[in-house]
Amino acid sequence: MDTINIKNVTVCGAGVLGGQIAFQTAFHRFNVTIYDISNEILEKATIKFKLLSKTYKKDISATQKEVDAAIARIKFSTNLKEATKDADLVIEAIPENIRVKKEFYIQLAKVAPLKSIFCTNSSTLLPSMFAQETGRPERFLALHFSNLIWKHNTAEIMGHPTTSPKVFEAIVDFSKAIGMVALPIHKEQSGYILNSLLAPFLRSALHLYVNNISDPETIDKTWIKASGSPMGPFGICDVVGITTICNINKILADTGDELSKMIVKELQENFISKGKLGIPTGKGFYNYPNPAYEQEDFLK
Ligand code: NAD
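About the thresholds
Residues numbered from 1 in each chain as written. Predicted model: local features only at pLDDT ≥ 70, side-chain atom pairs only at ≥ 80, totals over all residues. Heavy atoms only, no water. 1 Å grid on protein atoms, 1.4 Å probe; cavity = no way out; pocket = protein on both sides within 12 Å on 5 of 7 lines; lining within 4 Å. Points joined across faces, edges and corners; volume = space filled by probe spheres on them. Nonpolar A, V, L, I, M, F, W, Y, C, P; charged D, E, K, R; others polar. Disulfide = S-S within 2.5 Å. Buried < 20%, exposed > 50% of the residue type's maximum accessible area, 1.4 Å probe, protein only. Salt bridge = Lys/Arg side-chain N within 4 Å of Asp/Glu carboxyl O. Pairing = 2+ DSSP bridges. Helix = DSSP H or I, 4+ residues; strand = E, 2+ residues; numbered from the N terminus. Axes fitted to C-alpha atoms, helices over the stretch in contact; angles between N-to-C directions. Contact = heavy atoms within 4.5 Å. Domains from an automatic or database assignment. Core = buried A, V, L, I, M, F, W, Y, C linked by side-chain atoms within 4.5 Å. Expected span 1.5 Å × (residues − 1). Near = heavy atom within 4 Å. Polar contact = N/O pair within 3.5 Å; in protein donor to acceptor, adjacent residues only side chain to side chain. Areas by Shrake-Rupley, 256 points an atom, 1.4 Å probe, with all protein chains shown as cover.

Next up on the list: the layout of surface pockets. There is about 230 Å³ of room inside the second largest pocket. Around the second largest pocket, the lining is made up of 13 residues, and of these Thr-33, Lys-75, Ala-83, Lys-85 and Asp-86 lie nearest the centre. The class makeup of the residues in the lining of the second largest pocket is four nonpolar, four polar and five charged.

Listed below in structure tokens is the structure:
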């Protein structure tokens, strides 16, 4: 295999994560093309980039010149062949749906140059599920970012059994080059590292709550004081979003899991139906901005 040199990156999907990945990559001086299925969606992405410019200036002290240069490095396209014609790397951030992703990889494999490495940003699906469809299993792996990529700058990198070690290393290097902390994973694991830790943690906290063993504030206080963490599990639920927490539990509830059924009922009746969706609506287990757990007297 020739030396891998990544300069041109195509991000497929201009939604929540795709927009952030494109901006972060361009901010770190790569040439970026962002692809989505319609011009309307790409127009919304341009608005998103302007908002991200403000956020980067506020959160990471970026200069106006730097954010303007990042935007200038991003091209837009609704034509997959055109969007990928020079791609050294294609990062897929389209909806979390097996059928949609499979169909996408079949199309992508037909038009992208053979040299292009493909990465999926999927949160729950494994790269081996799509490796054949990519037409280049050895150049395919997962590169998983977190929401708010510029400050939650983790990159979980996970191959499938036939990913080339050289390609894996190239993606480790690429992730560092765009300001990420690279987190290599040696075997396929649903949920990577972060969600493998987080999911059972949040489930245990919700178990204590829905079974009336304690209340969210006391549970969070216990965790914050005893572990030294800045936030407890219910503060984290508000960050993740109550809808997402509910959807994850619905999947388990459908398999007959009793605890998940109780969690879904509680979240639907007392949170979702009341518009308490966490940080996105300013209300969840806490009220935002300035949630109680950030106040000085919270631990007293
Ligand atoms: P999203 O719904 O915000 O965006 C998906 C985008 O993909 C939309 O703009 C949609 O128009 C576009 N799209 C749909 N079909 C397409 C196709 N065939 N080709 C190109 N674009 C297409 O979704 P998201 O939250 O950005 O999630 C995208 C991926 O990133 C998922 O796999 C998800 O698991 C993963 N992810 C999401 C988060 C998160 O916090 N939202 C975090 C980490 C990883």
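Within this structure, the stated rule accounts for zero disulfides. The thiol sulfur of Cys-119 is not disulfide-bonded, and the nearest other cysteine sulfur, from Cys-12, lies at 11 Å. By relative accessible area, which is 0% here, Cys-119 ends up buried. Here Cys-246 is not cross-linked by a disulfide; its sulfur's nearest cysteine counterpart is in Cys-237, at 11 Å. Here Cys-246 falls in the buried class, since its relative accessible area comes to 1%.

A few words on the pattern of salt bridges. When charged atoms on two side chains of opposite charge get close, those side chains can pair. Enumeration according to the criterion identifies 11 salt bridges in this entry. Measuring nitrogen to oxygen at the nearest pair gives 3.7 Å for the salt bridge that ties Lys-58 to Asp-59. The exposed category is assigned to Lys-58, whose relative accessible area is 71%.

To continue, consider the sheet that holds strand S1 (residues 8-12). Pairing between the strands of a sheet is mediated by backbone hydrogen bonds and can be parallel or antiparallel. Within the open sheet, the eight strands sit side by side as S3-S2-S1-S4-S5-S6-S7-S8. Their pairing is mixed. Strand pairing shows two members of the sheet lacking a second neighbour, strand S3 (74-77) and strand S8 (181-185), which therefore form its edges. Strand-to-strand twist of the sheet, defined as the mean angle between neighbouring strand axes without regard to direction, takes the value 25 degrees. Direction of pairing for strand S2 (residues 31-35) relative to S3: parallel, over a ladder of four bridges. Directly across from Val-32, in S3, lies its bridge partner Ile-74. Strands S1, S2, strand S4 (89-92), strand S5 (117-120) and strand S6 (140-145) of the sheet are contacted by helix H5 (residues 98-111), whose axis makes an angle of about 170 degrees with S5.

Below, the discussion takes up the environment of His-186. Checked against the element boundaries, His-186 lands in the loop between S8 and helix H7 (194-210). As a C-alpha pair, His-186 and Met-158 span 28 residues in sequence and 6.8 Å in three-dimensional space.

This part is about the domain arrangement of the chain. By domain assignment, the chain separates into domain 1 (8-185) and domain 2 (194-292). Just the C-alpha atoms count here: the centres of domain 1 and domain 2 sit 30 Å apart.

It is worth spelling out the nonpolar core at this point. Membership of the largest hydrophobic core comes to 42 residues, with the highest contact counts inside it found for Tyr-56, Leu-89, Leu-143, Phe-145, Ile-171 and Phe-174. At six residues, helix H1 (residues 16-27) tops the list of elements feeding residues into this core. Each residue touching Leu-89, except ones within four places of it in the same chain, is listed here: Ile-6, Asn-8, Val-9, Thr-10, Ile-117, Cys-119, Ile-171 and Phe-174. In terms of nonpolar packing, the next biggest core, distinct from the first, is built from 25 residues, Leu-198, Leu-202, Ile-242 and Phe-298 among them.

If you check helix H10 (residues 242-254), its first and last C-alpha atoms are 18 Å apart, about what 13 residues at 1.5 Å a residue would give, namely 18 Å. For H10, the elements touching its buried residues are H7, helix H9 (233-240) and helix H11 (258-270).

Neighbouring the ligand are 21 residues; Val-16, Leu-17, Asp-36, Glu-96 and Lys-101 lie closest to it. Residue Asp-36 places a side-chain N or O atom 2.7 Å away from an oxygen atom belonging to the ligand. Contact between the ligand and Glu-96: an oxygen atom at 2.5 Å from a side-chain N or O atom of the residue. When isolated, the ligand has an accessible area of 830 Å², and the protein chains bury 75% of it. Taken together, the elements giving at least two residues each to the shell around the ligand come down to H1, H5 and S6.

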